[in-house]
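# Close look at the chain arrangement
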Amino acid sequence: LDEALVLRRAAYDGFVALRGSSHETSIGEGMNLAVSMNSSRLWEESIPFMRDQLLPAANRSVGVDHHITLGIKQNLCLALEFNPERTRDDLAEAETIFQDLVQRRRRVFGPAHPETRGAEAGLSDAREKLAHA
């Protein structure tokens, strides 16, 4: 997994150098990097990377309803939920983002789409964790 993370970082850095951080390909590679960081449980790195860099770039460049932007939001929520150092505020943030994500996925993909169902399950999970926090 460490080797994959090194390769993901190199790919992201290369696309940013070549096309800039706001290019769709760079944002997609950034999402891949964030997924690898989450898989490696690098929450302290992945959460600010998605929240402060990727998500604003995606919102500006490809739009709030683009599948990459929606994927970044879902991965940010998962990182906020699964971080063992999470706070109640982190869970509340995840719930808020999931609420928006469910609405957007219903509108973009439809209510029966697997991506919509996954977001609904994530929202339910976030609410349950928040209730017990």
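Presented here is a report on the structure given in the accompanying data block.

### Concerning the overall build of the protein
Across its full length, the protein carries six helices and zero strands. Order of helices (α) and strands (β) in the protein, N terminus to C terminus: α-α-α-α-α-α. In summary, the protein has a C-alpha radius of gyration of 15 Å against a globular reference of 14 Å for 133 residues, a match within 12%. Buried residues in the protein amount to 42% of all 133 residues. Expressed as a percentage of contacts within the protein between residues at least 6 apart in sequence, the contacts between residues at least 24 apart total 59%. A total accessible area of about 7,100 Å² is found for the protein, and carbon and sulfur atoms account for 51% of it. Each charge class in the protein can be summarised by its mean position, and for the 16 positive and 20 negative side chains these summaries are 5 Å apart.

### Focus on the pattern of salt bridges
Side chains that differ in sign of charge can pair as their charged atoms come close. One pass over the structure, following the stated rule, counts 11 salt bridges. The shortest N-O distance in the salt bridge between R104 and D65 comes to 2.8 Å. On the criterion of sequence distance, the pair formed by R104 in helix α5 (residues 88-109) and D65 in the loop between α3 (43-61) and α4 (67-82) is long-range, its members being 39 residues apart. Look at R104 and you get buried, because its relative accessible area is 17%. The shortest N-O distance in the salt bridge between E81 and K129 comes to 3.4 Å. Of this pair, E81 sits in helix α4 while K129 sits in helix α6 (residues 114-131), and the two are 48 residues apart along the sequence. Here K129 falls in the buried class, since its relative accessible area comes to 19%.

### Section: helix α1 (residues 2-19)
Look at α1: 26 Å from first C-alpha to last across 18 residues, which is about the 26 Å you get at 1.5 Å a residue. G20 sits one or two residues past α1 and shows a positive phi near 95°.

### A few points about the environment of D125
You can see D125 is positioned in helix α6. Looking at D125, the relative accessible area reads 27%, which means it is partly exposed. Between the C-alpha atom of D125 and that of P84, which follows or precedes it by 41 residues, the distance is 15 Å.

### Details of the packing of aromatic side chains
Taken as a whole, this structure holds one aromatic pair when the rule is applied. Measuring from ring centre to ring centre gives 5.3 Å for Y12 and F49, while their planes differ by 85°; the resulting arrangement is edge-to-face. With Y12 in helix α1 and F49 in helix α3, the pair connects residues that are 37 residues apart, well separated along the chain. The pair formed by Y12 and F49 is uniform in burial state, with each residue classed as buried. Seen from the ring of F82, K129 lies directly overhead, with NZ or CZ sitting 4.1 Å from the centre.

### Quick look at the environment of L70
With respect to the helices and strands, L70 occurs in helix α4. Exposure remark for L70: the relative accessible area of 0% places this residue in the buried category. Spatially, the C-alpha atom of L70 lies 7.8 Å from that of R105, the residues being 35 residues apart in sequence. Sequence-distant contacts of L70, that is, excluding residues within four places in its chain, are made with V64, D65, L101, R104, R105 and F109.

Calculation criteria
Residues numbered from 1 in each chain as written. Predicted model: local features only at pLDDT ≥ 70, side-chain atom pairs only at ≥ 80, totals over all residues. Heavy atoms only, no water. Helix = DSSP H or I, 4+ residues; strand = E, 2+ residues; numbered from the N terminus. Rg over C-alpha atoms; globule rule 2.2 N^0.38 Å. Buried < 20%, exposed > 50% of the residue type's maximum accessible area, 1.4 Å probe, protein only. Contact = heavy atoms within 4.5 Å. Areas by Shrake-Rupley, 256 points an atom, 1.4 Å probe, with all protein chains shown as cover. Lys, Arg positive; Asp, Glu negative; His and termini not counted. Charge placed at Lys NZ, Arg CZ, Asp CG, Glu CD. Salt bridge = Lys/Arg side-chain N within 4 Å of Asp/Glu carboxyl O. Expected span 1.5 Å × (residues − 1). Phe/Tyr/Trp six-rings, centres within 6.5 Å; stacked < 30°, edge-to-face > 60°. Lys NZ or Arg CZ within 6 Å of the ring centre and 35° of its normal.

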